[in-house]
Amino acid sequence: MNNTNQLDQLCINTIRILAAEAVEKAKSGHPGMPMGAAPMAYVLWTKFLRHNPANPSWPDRDRFVLSAGHGSALLYSLLHLTGYDLTLEELMDFRQWGSRTPGHPEYGHTPGVEVTTGPLGQGLSNAVGMAIAERFLAAHFNRTGFDIVDHYTYVIAGDGDLMEGVTHESASLAGHLKLGRLICLYDDNHISIEGDTELAFTEDRSGRFEAYGWQVLRVEDGNDTAALETALETALAEKEKPSLIMVRTHIGFGSPNKQGKSAAHGEPLGSDELRLTKENLSWPSAPAFHVPDQVLGHFRQALEQGRSREAKWLDLFDSYSRAFPELAKEWRQWLSGRMPDGWDSAIPVFQPGEKGIATRAASGAFLNAVWGSLPNLLGGSADLAPSNKTYIKGAGDFAAGYYQGRNLHFGVREHGMGSILNGMALHGGLIPYGATFLVFSDYMRPPIRLSGMMGLKVIYVFTHDSIGVGEDGPTHQPVEHLASLRVIPGLTVIRPADANETSEAWRVALTINGPVVLVLSRQNLPVLDRQKFAAADGLYRGAYTLNQIGSGSPDTIIMASGSEVHLALQAAERLQESGVAARVVSMPSWELFERQPEDYRREVLPPQIKARVAVEAGSSQGWQRYTGDSGEIISIDHFGASSPAGTLFDKFGFTVENIVEKTLKAVQACKNAV
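What counts, and where the lines are drawn
- Residues numbered from 1 in each chain as written.
- Predicted model: local features only at pLDDT ≥ 70, side-chain atom pairs only at ≥ 80, totals over all residues.
- Heavy atoms only, no water.
- UniProt positions renumbered as here; feature names shortened; annotations may be inferred.
- Helix = DSSP H or I, 4+ residues; strand = E, 2+ residues; numbered from the N terminus.
- Buried < 20%, exposed > 50% of the residue type's maximum accessible area, 1.4 Å probe, protein only.
- Contact = heavy atoms within 4.5 Å.
- Pairing = 2+ DSSP bridges.
- Axes fitted to C-alpha atoms, helices over the stretch in contact; angles between N-to-C directions.
- Parallel < 35°, antiparallel > 145°, perpendicular 65-115°, else oblique.
- Left-handed = near helix turned anticlockwise from the far one by under 90°.
- Core = buried A, V, L, I, M, F, W, Y, C linked by side-chain atoms within 4.5 Å.
- Domains from an automatic or database assignment.
- Buried area = accessible area lost by both parts, 1.4 Å probe.
- Salt bridge = Lys/Arg side-chain N within 4 Å of Asp/Glu carboxyl O.
- Expected span 1.5 Å × (residues − 1).
- Right-handed = clockwise from strand over helix to strand, strands pointing away.

An unreviewed UniProt entry lists the chain under the name Transketolase, from Pelotomaculum schinkii. In its Function (unreviewed entry) section, the UniProt entry covering the chain states "Catalyzes the transfer of a two-carbon ketol group from a ketose donor to an aldose acceptor, via a covalent intermediate with the cofactor thiamine pyrophosphate."

What follows is the structure, encoded as structure tokens:
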């Protein structure tokens, strides 16, 4: 039975009509989801969501994630109606150039949008990360009588979200961790683009989530606001289990000819059908984008409620600051994103030596040296911490009932891990990192791409970086991965050459904006003598000259990253014996190098030196921009093989002899061209 009163119904229909009109005016978009999900969104936003439209960044606000991001018109309507800085004119400009109402919600672009969604499953998984962040911050900062971290994470997800594998991973972990402050409203409309979900999605969704350790609730009529309110109250009362509220809705509700049909999913209703829909919903005869005064007045109560809630929280925080001044100072520092004073005093410096140390081990040494100075740095591995060297000794494990632990165990859930890390970063206050083998970055590509799009401070630790993996063979030997990561806009990729470059890579990752990938070796690499070679802090410029070969111009430049830098240095010594002056450039990060002033880039790679060789145990793609047409590239553009690492390097041409041969070839070619 639908117990919705007249004002509530008018408010709900306002959302429906605004969304349908925005899509109709744009001649593209997804009207069906907003029309079906409007009642649940209305109840949540007006009766439960603690937020302040006048200050979207209030730290203790509830987070709302529209995982079904194609229904963006629903979110934009709610943002406008409740008083966020989003005008009605912006809704009229839906999906148009320069508007703040893009086709899918974009973090940092539209006030009140917490996360970029659209790729299905990502939003729900991000929400798990937000819920993890809330629990960690609460465990660290809250004191008796001072719950300065006291909020919930709400999600609206659809059938497509629940089909995607990433939500299986993240929901499983959320149940295991007992994230009771995570509540997902499932828009159970039984429709996907191809038709009824019976075509491909007949599993017992409630049983699945119950097996994960979630509380599962049902609302049989998605238009029954009283039932929706009761379900949300029940979800709030459950403190240990995350909640899935299965709401039976009808896509395109109100449309006489498209309700409940896949045609309502991803195309405008059409002008005739929109007119019929308005008649069916008893919508007032008025110009497009009409918002009744009583509706706007009702929604805009959110402004005063939000101000009041934030003011109450600020009073609490003021008292907290007097009672716990050091914690309050730390809170402000964490939320600002600033690094604490003196944090880098503990960065390890490694002594030179030929035996060396694997850069993954150097990374682990860095983490265990600085973790005490960076209490908001936390993360873990997709079940590979002993191999990735990402476990922080003495920092405890983040677990149900012990949320202050700094080590996260993601299990074999790379995709879920990537999305959860994004949610942790989006929440604010934390510096999250996650680790796996470089070859398995493939499983994480969607969230890595989104982290670059959103400019999130997420650190990816990818070890076992090349054919140096050895006997595990081609399935575990990354070849194309460096190239594929380098093409992601906004992502900084760093492949350090030795232990001290690894420390500097971490320093960069912690201090620059945006996501960073650290690409680290399985095998030991010599630690370079920095009395003989340039200082490792040259890494922050992306590329730097390692060996000084006198005051004149070199005959050739050998560029390399990671383990191949050491081969390049040996080759340079061999070439010196033959009267060829070879400059060796350590080039751990193309992205950092490209951000340098042109003068510096020309200093490192003088344009007049055409004889250039690039050496990297990965795909050759992209290196030609630095070698030019006259240069040589020693790379691997095929899959590897199962064999000891030394044998593979020898068989695939990563040897001093081959570098010398290719360099002499490049030098001779340049001479012949003169």
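Past the structure itself, the notes keep going.
### Points about the UniProt feature "binding site: substrate" (unreviewed entry) in the chain
Taking the UniProt record as the reference, the feature "binding site: substrate" (unreviewed entry) is found at His30, His265, Arg360, Ser387, His464, Asp472, His476 and Arg522. On the basis of their most widely separated C-alpha atoms, the annotated residues across 493 residues do not gather in one place, lying as much as 48.0 Å apart. Mapped onto the elements, His30 comes out in the loop between α1 (6-26) and α2 (32-47). Overall, His30 belongs to the buried group, its relative accessible area being 15%. Ignoring anything within four residues of it in the chain, the contact list for His30 reads Val23, His70, Arg95, His265 and Gly266. Take Arg360: it is sitting in helix α14 (residues 359-370). Since its relative accessible area comes to 15%, Arg360 is described here as buried.

### Section: the pairing of strand β9 (residues 377-381)
Extensive coverage of β9 is indicated by the burial of five of its five residues. Burial along β9 is two-sided: Leu377, Gly379 and Ser381 facing one way and Leu378 and Gly380 facing the other are all buried. As paired strands, β9 and strand β11 (residues 431-437) are joined by five bridges and run parallel to one another. Bridge pairing in β11 links Leu377 to Ile431. Relative to strand β10 (residues 407-409), β9 runs parallel, the two sharing three bridges. Following the sheet pairing, Ser381 is matched in β10 by His409.

### Points about the packing of α14 against helix α19 (residues 499-511)
For the pair α14 and α19, the least separation of the axes is 9 Å and the interaxial angle reads 55 degrees. Classed by the angle they form, the pair α14 and α19 counts as oblique. Considering the relative orientation of α14 and α19, their crossing is right-handed. Within the contact between the two elements, α14 uses Thr359, Ala362, Ser363, Phe366 and Leu367 and α19 uses Ala499, Thr502, Ser503, Trp506, Arg507 and Leu510.

### Quick notes on the nonpolar core
Counting residues in each nonpolar core, the largest one holds 71 residues, and the members touching the most others are Ile132, Trp214, Tyr460 and Leu485. When residues in this core are grouped by element, the largest group, 11 residues, is from helix α5 (residues 122-141). Residues lining this core come from more than one domain, with at least three contributed by each of domain 1 (3-306) and domain 2 (353-527). Setting aside residues no more than four positions away along its own chain, Leu485 makes contact with Leu438, Ser441, Arg445, Ile448, Phe462, Leu491, Val493 and Val517. Grouped together as the second largest cluster of nonpolar side chains are 53 residues, Val23, Ala68, Tyr84 and Ala231 included.

### A few points about the domain arrangement of the chain
Domain boundaries in the chain define domain 1 (3-306), domain 2 (353-527) and domain 3 (542-673). Contact residues are listed per partner, giving 29 residues for domain 1 and 31 residues for domain 2. Here domain 1 packs against domain 2, burying approximately 2600 Å² in sum over the two surfaces, 71% of which is carbon and sulfur. Taken together, domain 1 and domain 2 are joined by zero salt bridges.

### Observations regarding the environment of Asp8
Residue placement: Asp8 occurs in helix α1. Here Asp8 falls in the buried class, since its relative accessible area comes to 8%. Each C-alpha atom, one on Asp8 and one on Ser589, is 56 Å from the other, the two residues being 581 residues apart in sequence.

### Some points on α14
Its 12 residues place the ends of α14 16 Å apart at the C-alpha level, agreeing with the 16 Å of an ideal helix rising 1.5 Å per residue. Taken residue by residue, α14 has Thr359, Arg360, Ala362, Ser363, Gly364, Phe366, Leu367 and Val370 as its buried positions.

### A closer look at the UniProt feature "active site" (unreviewed entry) in the chain
In the numbering adopted here, UniProt assigns the feature "active site" (unreviewed entry) to Glu414. Judged by relative accessible area, Glu414 falls into the buried class, the value being 8%. Each residue touching Glu414, except ones within four places of it in the same chain, is listed here: Glu169, Ala382, Thr436, Phe440, Tyr443 and Met444.

### Considerations on the side chain of Ser643
Mapped onto the secondary structure, Ser643 falls in the loop between β20 (632-634) and α24 (645-651). When neighbours within four sequence positions are excluded, Ser643 is seen to be in contact with Gly470, Glu471 and Leu648.

### A short note on the sheet that holds β20
Reading across from one edge, β16-β18-β17-β19-β20 is the order of the five strands in this open sheet, with mixed pairing throughout. Taken across any chain shown, the strands that pair with only one partner, and hence form the sheet edges, are β16 (544-545) and β20. Relative to strand β18 (residues 582-586), β16 runs antiparallel, the two sharing two bridges. Within the sheet, the bridge partner assigned to Tyr544 lies in β18 and is Ser586. Its contacts with the sheet put helix α20 (residues 564-577) on β17 (556-560), β18 and β19 (612-615), and the angle it makes with β18 is roughly 170 degrees.

### Topic: the sheet that holds strand β2 (residues 153-158)
Across the sheet, five strands lie side by side as β1-β2-β3-β7-β6; this open sheet has parallel pairing. This sheet does not close on itself; its edge strands, each paired only once, are β1 (63-66) and β6 (215-219). Taken over all neighbouring pairs, the strand axes of this sheet differ in orientation by 20 degrees on average, direction set aside. Here six bridges tie strand β3 (residues 182-188) to strand β7 (residues 243-248), and the two strands are oriented parallel to one another. Bridging across to β7, Asp187 finds its partner in Val247.

### A closer look at helix α12 (residues 301-323)
With 23 residues, α12 extends 33 Å between its outermost C-alpha atoms, agreeing within 8% with the 33 Å of an ideal straight helix rising 1.5 Å per residue. Taken as a whole, α12 has its buried residues at Ala302, Leu303, Gly306, Glu310, Trp313, Phe317, Tyr320 and Ser321. Against the buried residues of α12 lie α3 (72-82), α5, α11 (293-299) and α13 (325-336).

### Points about the pattern of salt bridges
This model, assessed by the stated rule, comprises 23 salt bridges. One salt bridge connects Lys27 with Glu24, and the closest N-O pair in it is separated by 3.4 Å. Exposure remark for Lys27: the relative accessible area of 59% places this residue in the exposed category. Residue classification places Glu24 among the buried residues on the basis of a relative accessible area of 9%. Note that Glu134 and Arg181 form a salt bridge whose closest N and O atoms lie 3.9 Å from each other. Of this pair, Glu134 sits in helix α5 while Arg181 sits in the loop between α7 (165-176) and β3, and the two are 47 residues apart along the sequence. Several salt bridges converge on common partners, so that one network encompasses Glu134, Arg135, Asp150 and Arg181.

### Notes on the pairing of β11
Burial analysis of β11 places seven of its seven residues in the buried class, which makes it a mostly covered element. Taken together, the five bridges between β11 and strand β12 (residues 459-463) define a ladder with parallel strand orientation. Following the sheet pairing, Thr436 is matched in β12 by Phe462. A crossover links β11 with its parallel partner β12, the connecting element being helix α17 (residues 445-454), and its sense is right-handed.

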